[in-house]
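A closer look at the structure
This is what each chain is made of:
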Amino acid sequence: MNNLWKDLSYAARMMLRQPGFTIVAILTLALGIGANTAIFSVVNAVLLRPLPFPQPEQLVMLWEVKTERGSGFKGTVSFQNFIDWREQNDSFTDMAAYQSAGYSLQGKDVPERVTGSTVTANFFDLVGIRPTLGRGFQAGEDASGSKRVVILSDALWRRNFGADPEIIDREITLSGRQYTVVGVMPRGFQFPSRSTQLWTPLELTEDQLSNRDNHWLMTLARLKPGVTLEQAQAGMTTIARRIEQQYPEVQTGRGVQLVALHEELVMFARPALLVLLGAVGFVLLIACTNVANLLLARSAARRKEVAIRMALGAGRWRLVRQFLTESVLLFILGGALGLLISRWAVDALTSWAVMFTPRLGEVNVDGRVMGFTLLLSFFTGMIFGLAPAIQSSKTDVQTALKEGGSTGGGTSRSLIRSTLVVLEVAAALVLLVGAGLLIKSFTQLLRTDTGMKPENVITMGLTLPQATYGTNESRAAFYQKMLDNIYARPGVEAAGVINILPIQNTGHNGKIWVEGEPEPGPGREPIAEYRAASPDFFHTLGIPLVEGRYFNAQDRQGAVPVAIVNQTFARRYLPGRAVVVGQRIRKEETGWLTIVGVVRDVRQSGLTQSIMPEVYTSYAQTESSALTQGMTLIVRAAGERSELVSSIRHAVAEVDPSQPVHNVQTMQEVINNSVADRRLTMLLLTIFAGVALFLAMIGIYSVMAYVVTQNTREIGLRMALGAQARDVLKLVVGQGMVLTLVGVGVGLLASLVLTRLIKSLLFGVAATDPLTLLCVSLFLMLVAGLACYIPARRATRIDPMVALRYE
């Protein structure tokens with residue numbers, strides 16, 4: 001321990017004697033280690049840390065799947081299937097169901113839209129989290145006709161009710177109905193979604209109670225102790241087959257898929273986070289190779305010091321230990337500064353990505369992260385300090401003590417420096433290729449034809465309370481009055497409503513029958529997505545009409561039911577028909593719909609998703625169950641946004657002052673938000689690639705500058721013998737470019753393998769896109785050439801007479 005303390009003291013003195021070297025090395029390491037710590041903090045919170053529930057490994061999601069479409073097609077569950085699953089299984093201690101819902105919280109001057117979840121009464125017992133104030137739901141409170149109760153989130157309780165401890169048993173108004181507050185959940189509890197602000201018991205309609213083909217519930221279950229996910233999957237598959245045999249007309253081809261809750265929550269974030277973790281690993285590799293090169297250069301300058309210590313009896317391994325101690329101390333100091341940098345980086349990451357990366361609210365620099373940083377600093381210090389330490393211990397005492405002895409370090413040290421340069425060039429190329437692929441992919445994504453014209457379109461959500469607007473007629477009357485008011489506002493060109501906004505989500509899909517086509521067997525019925533829209537919806541969004549007409553004011557209750565289909569529907573289900581308009585289709589268990597128009601395909605489920613067959617119905621003729629989740633108002637208008645939004649809010653309030661408008665955004669923002677996660681991944685990888693390029697170029701410059709310094713006498717001799725400046729320039733730049741070319745070759749080979757790991761993040765671009773590989777390689781060589789040119793230019797200015805006297 002005494003020797004260790006002496007080594008540390010000596011290492012600290014050496015750092016203080018060379019402040020320039022120490023500052024550059026620590027800053028370089030802090031950059032690499034800080035980036036790794038920040039990304040690991042996110043990976044730790046999102047992927048590694050267990051969910052904040054008791055025995056979270058026992059929680060699983062259950063999905064109903066179309067077996068003929070593969071396990072990737074996951075869907076929600078009907079209430080009848082949920083009941084059968086819960087009663088017939090022997091793998092779970094309990095099973096609960098839930099669905100997201102929107103409410104209008106009234107009681108203030110302006111009603112507020114809040115997002116909640118309707119859940120079965122056993123939901124909180126199954127999750128294992130109890131309210132900190134009041135109680136959870138009791139058995140039977142989710143039964144029809146029960147007293148309406150609500151549990152608030154801690155954030156909503158504090159924001160809207162001033163954290164009043166007397167809130168329990170108080171009545172609040174949600175969407176025109178009275179609910180009694182029975183509990184407040186713990187701070188930070190935001191399940192099943194980050195936007196959940198309150199929970200109410202399920203309220204089931206007659207159709208939901210009786211229709212086994214009405215799929216709308218999310219299902220969560222807790223495994224019994226000792227039961228594995230595979231065993232539970234086998235048991236549920238047996239139950240699904242039994243239900244399929246009992247109800248073949250609606251259950252043929254349907255199965256069950258179980259997914260661990262943690263995996264379900266993070267499955268979409270995992271690929272991007274692992275790619276970013278790998279990227280910062282490459283940044284750290286380049287930073288460490290730079291510091292290793294600095295340590296090699298410093299060790300060459302300390303050859304006389306080492307020779308004196310060896311002459312005084314210091315053993316080789318004693319010197320290795322000393323140099324390793326210096327290296328590890330340097331890396332730990334870099335790690336400490338990197339830890340401070342990571343705190344800022346984590347704050348930035350969480351603010352940018354909170355909307356599309358799960359569990360970001362749980363990100364913090366905890367003990368595991370600090371331990372990761374300490375171990376990372378220690379082991380990188382050991383690994384990258386080993387080569388300089390061993391090289392320093394190989395000093396020839398006699399040669400080093402001679403006056404005028406060479407300090408170049410010999411072939412071995414030069415080989416190590418060259419290898420490190422090749423390594424960092426290769427690592428930088430891999431990151432640049434990855435960033436280039438993501439940039440090209442994102443560019444392709446933004447060029448995707450959405451099928452509409454989003455410019456100058458504003459969207460906002462509306463949810464009419466069932467208590468006030470319980471019929472189709474009352475809903476249609478509200479929307480018509482609202483649209484009339486909006487059209488009267490200055491600057492408004494068009495306005496409409498739709499139940500599910502394009503780009504954001506899939507529709508309510510279901511079976512479809514085409515008149516004149518053979519009756520398909522159970523489980524083989526054509527599937528289409530349904531949307532309910534107002535007459536001017538298509539005009540407002542600029543969706544072109546291909547054939548027929550749009551909806552009009554005559555398409556209302558009592559008139560012939562009509563539909564508009566997209567091009568994909570016409571191609572897939574009405575092939576070979578010269579005229580689509582006039583054909584009839586039947587949706588689920590409703591009557592026949594007459595097709596009155598065909599519109600262009602629209603990217604309904606996002607820019608990366610394939611287009612599904614779609615059926616639009618007139619909102620005035622649509623059954624109420626399709627509109628229970630509200631509508632989105634779409635307005636095309638010119639003018640200043642804030643004034644327009646305020647004017648629209650007033651237009652809505654004139655019809656119903658208690659109706660809140662929420663989620664206001666432009667259609668272009670909707671499109672941008674749909675690719676925000678890809679944009680962030682691209683941006684971060686580009687930043688890391690830029691840092692890697694900068695560090696790699698600094699490394700090349702440092703090595704070539706060191707080569708010029710160590711070979712000043714040789715360069716002077718060449719110039720004295722007649723070498724021209726261009727010859728010296730060619731010599732120095734050539735040496736650097738040879739190393740660069742080798743690094744590019746190694747990096748290209750690595751890229752052909754590693755870029756396949758980001759295949760799932762790409763759109764419209766191959767993981768081995770040759771144009772990207774070529775452009776990145778040429779760019780890297782250009783920048784490397786500049787890094788070599790600067791020391792080479794300095795070499796051409798060497799005075800031969802001074803160089804020949806150079807020590």
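Residues numbered from 1 in each chain as written. Predicted model: local features only at pLDDT ≥ 70, side-chain atom pairs only at ≥ 80, totals over all residues. Heavy atoms only, no water.

All right, on to the overall build of the protein then. Along the backbone of the protein there are 25 helices and 22 strands. Among the 807 residues that make up the protein, the fraction classed as buried is 52%. Accessible surface, the protein: about 35,600 Å² in total, of which carbon and sulfur atoms supply 59%. (Helix = DSSP H or I, 4+ residues; strand = E, 2+ residues; numbered from the N terminus. Buried < 20%, exposed > 50% of the residue type's maximum accessible area, 1.4 Å probe, protein only. Areas by Shrake-Rupley, 256 points an atom, 1.4 Å probe, with all protein chains shown as cover.)

Bringing helix H16 (residues 472-487) into the picture now. The α-helix advances 3.6 residues per turn, and as a result positions three or four apart in sequence lie on the same side. The terminal C-alpha atoms of H16, which comprises 16 residues, lie 22 Å apart, in line with the 22 Å expected from a rise of 1.5 Å per residue. Among all positions of H16, only Asn472, Arg475, Ala476, Phe478, Tyr479, Met482, Leu483 and Ile486 are buried. Down the axis of H16, the buried set is contained in an arc of 160°. They therefore lie on one face. Away from its buried face by more than 90 degrees, H16 exposes Glu473 and Lys481. (Expected span 1.5 Å × (residues − 1). Arc of directions from axis to C-beta.)

Before going further, it helps to spend a moment on helix H23 (residues 725-754). Its 30 residues give H23 an end-to-end C-alpha distance of 42 Å, which sits within 8% of 44 Å, the value for a rise of 1.5 Å per residue. Buried within H23 are the following residues: Val728, Val732, Val733, Gly736, Met737, Leu739, Thr740, Gly743, Val744, Gly747 and Ser751.

Further remarks concern the pairing of strand E4 (residues 112-119). Across eight bridges, strand E3 (residues 92-106) lies against E4 in antiparallel orientation. From the neighbouring strand, alanine 101 faces E4, where its bridge partner is glycine 116. (Pairing = 2+ DSSP bridges.)

In the structure shown here, the tally under the stated rule is 20 salt bridges. The closest approach of N and O atoms between arginine 170 and aspartate 164, which form a salt bridge, is 2.4 Å. For glutamate 515, the salt bridge goes to arginine 584, with nearest N and O atoms at 2.9 Å. Of the two residues, glutamate 515 is situated in the loop between strand E14 (508-514) and strand E15 (527-533) and arginine 584 in strand E18 (residues 584-587); the sequence distance between them amounts to 69 residues. Through salt bridges with shared partners, a single network forms among Glu64, Asp213, Arg254 and Lys511. (Salt bridge = Lys/Arg side-chain N within 4 Å of Asp/Glu carboxyl O.)

This part takes up the pairing of strand E11 (residues 254-260). Counting buried residues along E11, six of its seven residues qualify, which places the element largely inside the surrounding structure. With seven bridges joining them, strand E1 (residues 59-66) and E11 adopt antiparallel strand pairing. Across the sheet, the residue bridging to tryptophan 63 is glutamine 257, located in E11.

Taken N-terminus to C-terminus, the directions of helix H21 (residues 676-710) and H23 make an angle of 140°; their axes are 10 Å apart at the nearest point. One way to sum up the angle between H21 and H23 is to call them oblique. The hand of the H21/H23 crossing is right-handed. Between H21, through Ile700, Met704, Val707 and Val708, and H23, the contact on the second element is made entirely by Val732, Gln735, Gly736 and Thr740. Its residues assigned to classes, the contact of H21 with H23 shows five nonpolar, three polar and no charged. (Axes fitted to C-alpha atoms, helices over the stretch in contact; angles between N-to-C directions. Parallel < 35°, antiparallel > 145°, perpendicular 65-115°, else oblique. Left-handed = near helix turned anticlockwise from the far one by under 90°. Contact = heavy atoms within 4.5 Å. Nonpolar A, V, L, I, M, F, W, Y, C, P; charged D, E, K, R; others polar.)

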